[in-house]
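Topology and contacts: notes
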Amino acid sequence: MGGSSSNSVPSSVDMVASQKNADLVNQQWADYQTRFQPQEANLINEVNGNGGLQTTLLPQALAQASADNSNVFNSEKNQQNRDLSRYGQAMNDEQRQQQGTQFGIAESAGAANANNTTIQTDQDMKNTVMSGGLGAASGAV
Amino acid sequence: MRLFKFWIWLLSPPKFYGGGGGTTTTYQQDNPQQQALANVANQKYDYYQAKYVPLENQWMDTVSNMNNQANHNDVSGMAANTLKQSQGPQTQSVGDSMTGGRLQRGNYVDMASAESNAASNADMGVTDRMLKGQEGIVAMGQGQSAGAIGGLTDVASQSVQGQNTNASNVFDRQQAINGTYGTGLGMAAAAGINKYGS
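Residues numbered from 1 in each chain as written. Chains lettered and ligands numbered in written order. Predicted model: local features only at pLDDT ≥ 70, side-chain atom pairs only at ≥ 80, totals over all residues.

1. Remarks on the overall build of chain B
- Secondary structure summary: chain B contains seven helices and zero strands in total.
- With 198 residues in all, chain B has 32% of them scored as buried.
- Counting contacts in chain B only where the partners sit at least 6 residues apart, residues at least 24 apart contribute 75% of the total. (Helix = DSSP H or I, 4+ residues; strand = E, 2+ residues; numbered from the N terminus. Buried ≥ 20, exposed ≤ 12 C-beta atoms within 10 Å, placed from the backbone. Contact = placed C-beta atoms within 7 Å.)

2. A closer look at the overall build of chain A
- Each helix and strand counted, chain A has five helices and zero strands in total.
- Considering chain A as a whole, with its 141 residues, one finds that 22% of them fall into the buried category.
- A separation threshold of at least 6 residues defines the contact pool for chain A, and within that pool the share at least 24 residues apart is 70%.

3. Focus on the environment of N127(A)
- Relative to the helices and strands, N127(A) resides in helix α4 (residues 93-131).
- Counting along the chain gives 80 residues from N127(A) to V47(A), while the straight-line C-alpha distance between them is 8.4 Å.

4. Looking at the environment of M125(A)
- Along the chain, the position of M125(A) falls in helix α4.
- Put simply, M125(A) and V47(A) are 78 residues apart on the chain and 8.6 Å apart in space, counted from C-alpha to C-alpha.
- Sequence-distant contacts of M125(A), defined by excluding residues within four places in its chain, comprise T55(A), T127(B), D128(B) and L131(B).

5. Details of the confidence of the model for chain B
All names here are of chain B.
- Considering every residue of chain B, the mean pLDDT works out to 69; 51% of them sit at 70 or more.
- Here helix α7 (residues 186-196) stands out as the element of chain B with the lowest mean pLDDT, 40, in contrast to helix α2 (residues 32-64), whose mean of 90 is the highest.
- Within the model, the stretch residues 167-198 combines pLDDT values under 50 with 39 contacts to residues more than four positions away or in other chains.
- For this predicted complex, the interface score ipTM comes out at 0.79, alongside a pTM of 0.67. (pLDDT = per-residue confidence, 0-100.)

6. With respect to the packing of helix α3 (residues 58-86) of chain A against α4(A)
Residue and element names in this part refer to chain A.
- Where α3 meets α4, the closest approach of the two axes is 9 Å, and the angle between their N-to-C directions is 155 degrees. When the interaxial angle is binned, α3 and α4 end up roughly antiparallel. The two elements α3 and α4 meet at a crossing, and its hand is right-handed. Listed contacts from α4 to L58, A61, L62, A65, S66, N69, S70, F73 and K77 of α3 are Q99, F103, A106, E107, G110, A111, A114, N115, T118, I119 and D122.
- Classifying every residue of the contact of α3 with α4 gives 10 nonpolar, seven polar and three charged. (Axes fitted to C-alpha atoms, helices over the stretch in contact; angles between N-to-C directions. Parallel < 35°, antiparallel > 145°, perpendicular 65-115°, else oblique. Left-handed = near helix turned anticlockwise from the far one by under 90°. Nonpolar A, V, L, I, M, F, W, Y, C, P; charged D, E, K, R; others polar.)

Here it is, written out as structure tokens:
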């Protein structure tokens, strides 16, 4: 419509409220674009790691699971040695080797289990985000 | 032929008044109700900018830092320690030691396996917590309310509960002579039994 811009509205016509509402809509949209859209883009990017097969957070999660697994097995092995020493006992070389083997096997199994759990949980989280928060967001756009 | 031309006219872009043809443009004046609503809407938006936006920005910063290394370390440590604590002190009594209650290697390996599970679950809980926070922010942007986010302690204790049962079952079989205690009662019950139990 020609001449519909606010500049050309005659001063005798009161359209203050309409202009306020229009400004408000623009401000809200700008606010959304500035603050929220980057967050949405970030979340979309996070759940689209490795060609959409996993989240981008998975590598960090796997490294963390592996590190935690090593830590707890080392911790328990040290705890066993401390408990023995409190009662004046100590393992001989053969027992220590056997202890190392037992803990090593269990640690490997623990690492595999932790990795598998982490990967599966990552999938679940990815699916939840896509069908939940992002699904609701895409419906509202 | 005449019919064809008629339809062409119908499909052609309509020419409204004010379209550049020098016709008079009409304006709808705002009535008092519209003016009041616009004023209220503006005041609401100003209030939102002043009070809510700083909080929202603060929450966004918090969420973006939820997946940091310190939180992972905290929660995996909490999970492992809580699980360990719920299984009783490592050297509860000399009797335990003499009967091999706490000194059998199987205990420590089983405990480590359970701790590993609890820690990895807790770690993923931290990541999940951040994603839920981000979902909440997206929902805020869409004008929807954000869901509640559990604390790190919740994340740790939830990851422990399942493992607690598993580890305790193994432990209890080996400690049958000392009696078993219930599993799945949570940290408080386990801590109380450890302190006041036989």
